[in-house]
Amino acid sequence: VIPGWFSEISPMWPGEAHSLKVEKILFQGKSDYQDVMVFQSSTYGKVLVLDGVIQLTERDECAYQEMITHLPLCSIPNPKKVLVIGGGDGGVLREVSRHASVEQIDLCEIDKMVVDVSKQFFPSVAVGFDDPRVTLHIGDGVAFLKAVPEGTYDAIIVDSSDPIGPAQELFEKPFFASVAKALRPGGVVCTQAESIWLHMHIIEDIVANCRHIFKGSVNYAWTTVPTYPSGVIGFMLCSTEGPPVNFKNPINPIDADDSHVKTKGPLRFYNSEIHSAAFCLPSFARKVIESK
Ligand code: AAT
């Protein structure tokens, strides 16, 4: 450990640790679920850390929040009801609320401290909570989904932390089964699905489970986020049986309508070209994912 630097050390990425220079620690707390920390970095703005793992930085959060949201929502016509699991910082809410067709946005975050800390230190992210279509539920996403009536949502976004800690069940087969049940026919899910450089074994399991459960299409996409382990992170995108969804072809582009820019600022990362490109996989990953 280098004095004055934050290093992200975890058994999920043994033998490597990305480091950021710390200007100032702004918040340190312990919630019922995890350690919560915010610091000012020299080169990535403010950083939110849970249990020693970076959740977002001001500089590169757009790459993650825009992609995890617009990959599913731009792939279906007229999304109306959207559920977000995790994402208590509000960044995914900010992105969902750019879609004018959306009428209802539910968010279920396990840890109220994440919401409070985001509102205090990350106003440009927590701005997502200001939208009147949003309802915040504090609780476990697994329990929340079990109680959702069948066929409720057009899209579900699982913005979860890594599978060590409170998010573990969000990577398991029964959770995917309740996601599928909560979606309408031809509804879509997008879940945080780790790194092709570090976690092919986790990705293999997720893909195998999803191929069992989702009778529409099952795809893996990825993006670059410099402050996430290995600098890339992926998403599992699936649809339920019903009207077919071709995720690689964004039929509901957001680029055209820019009325949301006034309150939320412009999109910084997502566009229709990068949407389609996100599904192109390196050969080593494609081989494993397609064989599942
Ligand atoms: N948008 C920032 C990126 C995240 S946040 C993940 C959120 O999921 C956290 O706020 C965490 O408290 C919440 N969470 C964890 N488990 C549950 C659960 N069971 N139910 C509801 N919410 C939960 C993801 C960063 C990815 C990091 C990659 N290394």
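Because the structure is predicted, anything quoted here is derived from the model rather than measured. What you see as residue numbers is a count from 1 along each chain, following the sequence as written. Where totals are concerned, whole chains, interfaces and linings use all residues; where local detail is concerned, this predicted model gives features only for residues with pLDDT of at least 70, and gives and counts side-chain atom pairs only at 80 or more. Only hydrogens and water are set aside when side-chain values are computed; all heavy atoms of the structure are taken into account.

Participant: Before we go on, may I ask you to explain the packing of aromatic side chains in this structure?
Facilitator: What describes a pair of aromatic rings is the distance from one ring centre to the other and the angle between the planes of the rings. Only centres within 6.5 Å qualify two rings of Phe, Tyr or Trp (six-membered ring in Trp) as a pair; their planes then separate them into stacked at under 30 degrees, edge-to-face at over 60, and tilted for everything else. A complete count under the given rule lists six aromatic pairs for this structure. Where Y64 meets Y228, the ring centres are 5.3 Å apart and the plane angle is 80 degrees; that geometry is what we call edge-to-face. Taken together, the residues span a long stretch of sequence, with Y64 in helix 1 (residues 61-73) and Y228 in the loop between strand 11 (218-224) and strand 12 (232-239) at a distance of 164 residues. Y228 matches Y64 in its accessibility class, with the two residues each being buried. On the numbers, 5.2 Å between centres and 40 degrees between planes, the contact of W197 with F284 is tilted. Taken together, the residues span a long stretch of sequence, with W197 in the loop between strand 10 (183-192) and helix 7 (200-213) and F284 in helix 10 (residues 283-291) at a distance of 87 residues. Put simply, the rings of Y64, Y228 and F235 touch in pairs and so form one group of aromatic residues. Helix and strand definitions follow DSSP, with helices as H or I runs of at least four residues and strands as E runs of at least two, each counted in order from the N terminus. A simple rule labels every residue: compare its accessible area, found with a 1.4 Å probe on the protein chains alone, to the largest value its type can have, and call it buried under 20%, exposed over 50%, or partly exposed in between.

Participant: Explain empty space enclosed by the protein here, please?
Facilitator: Where empty space is left can be seen by rolling a probe of water-molecule size over the atoms. Points on a 1 Å grid, built from protein atoms alone, make a cavity when a 1.4 Å probe fits but cannot get out and make a pocket when they are open with protein on both sides within 12 Å along at least 5 of 7 lines; residues with an atom within 4 Å of a point are the lining residues. Grid points are joined across faces, edges and corners, and a volume is the space filled by probe spheres set on the points. Under the counting rule described, the total for this entry stands at two cavities of 30 Å³ or more. Taken as a whole, the largest cavity spans an internal volume of roughly 480 Å³. What lines the largest cavity is a set of 42 residues, among which Q55, D159, S160, S161 and D162 lie closest to the centre. Sorting the residues of the lining of the largest cavity by element identifies strand 4 (46-50), strand 5 (53-57), helix 1, strand 6 (81-86), strand 7 (104-109) and strand 12 as the ones contributing at least two each.

Participant: How should I be thinking about the nonpolar core in this particular structure?
Facilitator: One broad trend across soluble globular proteins is that nonpolar side chains are buried collectively. Grouped together as the largest cluster of nonpolar side chains are 42 residues, with contacts concentrated most on L145, I156, F214 and M236. Looking at this core element by element, the count peaks at seven residues for helix 7. Whether two residues are in contact is decided by their heavy atoms, any of which lying within 4.5 Å being enough. Residues contacting F214, with those up to four places away along its chain left out, are F176, V179, A180, L183, V189, C238, S239 and T240. Residues enter a nonpolar core if they are buried and are Ala, Val, Leu, Ile, Met, Phe, Trp, Tyr or Cys, with the set joined through side-chain atoms within 4.5 Å. The next biggest cluster of nonpolar side chains, apart from the first, holds 36 residues, and it includes L73, C74, I76 and V188.

Participant: In this structure, what is going on with the packing of helix 7 against helix 10? I would like to understand it.
Facilitator: For any two helices packed against each other, one specifies the inter-axial angle together with the distance between the axes. To obtain an axis, a line is fitted to C-alpha atoms, over the contacting stretch when the element is a helix, and the angle between two such axes runs from 0 to 180 degrees between their N-to-C directions. The geometry of helix 7 relative to helix 10 is characterised by a closest axis approach of 9 Å and an angle of 35 degrees between their N-to-C directions. In this structure, the crossing between helix 7 and helix 10 has a hand that is right-handed. In contact with M200, I203, E204, V207 and R211 of helix 7, helix 10 contributes F284, A285, V288, I289 and E290. Under the grouping applied here, Gly and all other residues not named as nonpolar or charged are polar, the nonpolar ones being Ala, Val, Leu, Ile, Met, Phe, Trp, Tyr, Cys and Pro and the charged ones Asp, Glu, Lys and Arg. Across the contact of helix 7 with helix 10, the residue classes tally to seven nonpolar, no polar and three charged. Crossings are classed by handedness, with left-handed meaning an anticlockwise turn of the near helix from the far one by less than a right angle and right-handed meaning a clockwise turn.

Participant: Would you take a moment to explain unusual backbone geometry for this structure?
Facilitator: Leave glycine aside and you will find that most residues have negative phi; peptide bonds, for their part, are mostly trans. A positive phi angle, near 45 degrees, is found at D51, a position not held by glycine. The exposure class assigned to D51 is partly exposed, which follows from its relative accessible area of 40%. Despite not being glycine, E194 shows a phi value in the positive range, around 60 degrees. Position of E194 among the secondary structure elements: in the loop between strand 10 and helix 7. Residue E194 is classed as buried on the basis of its relative accessible area, which comes to 3%.

These figures capture arrangement, not role.
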